[in-house]
Amino acid sequence: WNGKTVDEALAMKVDAVSGATFSSRGIIGNMKQGLQFASKNAATPSLLDKIDHSPKSIVGFIVVLLAAIVPLFYHNKKYRLVQLILNVAVLGLWCGTFLSYSLMIGYVSSGINVWVSFIPVIMLMTAFIYPLFGKKSYYCTNICPFGSLQELAGKCNSHKWKLSTATNKKLVAFREILWGILMFLMLIGVGMDWMNYELFSAFIFQSAAVVVMVFAVIVVILSLFVPRPYCRFICPTGSLFKFAQNTK
């Protein structure tokens, strides 16, 4: 019901009830009565009431706004280091906000409540609108929390593995083939669970799958020797952005 009006919530149905049907019906009935009461008595919220005023959202909004604007006009290594740290600490670990397939599919199916989703909305703008003005891969390079984490890890080691041109091409081809397979699975409605295993969810470590956490740690360690390996050779979300950029 997040982001829904009272009337929209009233119109929604429970998908299925299994097991304790009588208590479930009691809970559903109580919720409907509460929503009906709210529908009759709730005051119309003002614009300010709709906006998320929590400290987390305010700080996250400032950080994503800085990342979306400052690098356009100011190029400085020290500032970039600070921005990368903020991306990881605030957008990733604190807010748990990032672009992923599951997020975008959720927006397509349920719509976007701009007033509570202004951080990912700005991220979407940098991913899909900035490239129209020549800023390709802007989100991946300047905002993505996991991309920022890989770059920070890479700064801890100056001795990088040298990948041959042939190896690099094979890894890029692997990424493109992997993305094609995943898109085909989505098209036929099979294996949609892969979206739950994108490594961005590792930032929400309280609920992230163990395999995601393990893979994320491996990628961060690998980032010490290979610049942004997940971004360059695996990331399905990044592949979508590249595909969108190349078709514009």
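Here, every reference points to the structure presented above.
Criteria and cut-off values
- Residues numbered from 1 in each chain as written.
- Predicted model: local features only at pLDDT ≥ 70, side-chain atom pairs only at ≥ 80, totals over all residues.
- Heavy atoms only, no water.
- Salt bridge = Lys/Arg side-chain N within 4 Å of Asp/Glu carboxyl O.
- Helix = DSSP H or I, 4+ residues; strand = E, 2+ residues; numbered from the N terminus.
- Buried < 20%, exposed > 50% of the residue type's maximum accessible area, 1.4 Å probe, protein only.
- Patch = residues over 30% accessible without salt bridge, like charges linked within 9 Å, V, L, I, M, F, W, Y side chains within 5 Å.
- Areas by Shrake-Rupley, 256 points an atom, 1.4 Å probe, with all protein chains shown as cover.
- Expected span 1.5 Å × (residues − 1).
- Contact = heavy atoms within 4.5 Å.
- Phe/Tyr/Trp six-rings, centres within 6.5 Å; stacked < 30°, edge-to-face > 60°.
- Bend = angle between axes of the 7 residues up to and from the residue.
- Disulfide = S-S within 2.5 Å.
- Core = buried A, V, L, I, M, F, W, Y, C linked by side-chain atoms within 4.5 Å.

Participant: Sorry, what's going on with the pattern of salt bridges here?
Facilitator: One pass over the structure, following the stated rule, counts two salt bridges. A salt bridge links E151 to R80; its shortest N-O distance comes to 2.8 Å. Of this pair, E151 sits in helix α9 (residues 145-154) while R80 sits in helix α5 (residues 77-94), and the two are 71 residues apart along the sequence. According to the relative accessible area criterion, R80 is partly exposed, its value standing at 24%. Between E151 and R228 there is a salt bridge, with its nearest N and O atoms 2.7 Å apart.

Participant: Just checking my understanding: could you explain a nonpolar patch on the surface for this structure?
Facilitator: On the surface, a cluster of nonpolar side chains totalling about 420 Å² of accessible area is made up of L65, I69, F73 and Y74. Given a relative accessible area of 68%, F73 falls into the exposed group.

Participant: In this structure, what is going on with unusual backbone geometry? I would like to understand it.
Facilitator: Glycine aside, residues mostly have negative phi, and peptide bonds are mostly found in the trans state. Not every positive phi belongs to a glycine, and S137 is a case in point at roughly 55°. Within the element layout of this structure, S137 appears in the loop between α7 (118-128) and α8 (138-142). Positive phi, normally seen in glycine, also occurs at R228, with a value near 45°. Looking at the element boundaries, R228 is found in the loop between α11 (210-222) and α12 (229-233). Given the relative accessible area of 13%, R228 is considered buried.

Participant: How should helix α10 (residues 165-187) be read in this particular structure?
Facilitator: In an α-helix, one turn spans 3.6 residues; hence positions three or four apart end up facing the same way. Helix length check: α10 (23 residues) gives 33 Å between terminal C-alpha atoms against 33 Å at 1.5 Å per residue, within 8%. Residues of α10 that are buried include every one of R175, W179 and L182, and no others. Considering only its buried residues, α10 is in contact with α6 (101-110), α12 and α13 (236-246). Two residues or fewer past α10, G189 is found with a positive phi of approximately 75°.

Participant: Help me out: how do you make sense of the packing of aromatic side chains in this one?
Facilitator: The description of an aromatic ring pair rests on the distance of the ring centres and on the angle between the ring planes. One pass over the full model with this rule turns up 13 aromatic pairs. Ring centres 6.3 Å apart and planes at 80° place the aromatic pair F146 and F203 in the edge-to-face group. Pair noted here: F146 is in helix α9 and F203 is in the loop between α10 and α11, with a separation of 57 residues, a long-range link. In this pair, the class of F146 matches that of F203, namely buried.

Participant: Please explain helix α4 (residues 55-73) as it appears in this structure.
Facilitator: Over its 19 residues, α4 runs 27 Å from end to end, which matches the ideal 27 Å to within 8%, given 1.5 Å per residue. By the largest-angle criterion, A67 marks the main kink of α4, which is about 25°, and a proline, P71, follows within four residues. Here α4 has its buried residues at S57, G60, V63, V64, A67, A68 and P71. Structurally, α4 contributes buried residues whose contacts are with α5, α7 and α8.

Participant: Before we go on, may I ask you to explain the side chain of N87 in this structure?
Facilitator: Residue position: N87 is located in helix α5. Accessibility expressed as a relative area gives 0% for N87, which makes it buried. Among all residues touching N87, those that are not within four sequence positions of it are V63, A67, G92, N142, I143, P145 and S148.

Participant: Can you help me understand the state of the cysteines in this one?
Facilitator: Working definition: the covalent bond between the sulfur atoms of two cysteines is a disulfide. Summed over all chains, the structure comprises zero disulfides. Among the cysteines around C95, which has no disulfide bond, C144 carries the closest sulfur, lying 14 Å off. When its relative accessible area of 16% is taken as the criterion, C95 is described as buried.

Participant: Explain the nonpolar core here, please?
Facilitator: In a soluble, globular protein the nonpolar side chains are often hidden away together inside. Ranked by size, the top nonpolar core spans 42 residues in total, and within it M123, Y139, I143 and F146 carry the most contacts. In this structure, M123 is in contact with V64, L91, T97, F98, L99, Y139 and I143, ignoring residues within four places of it in sequence.

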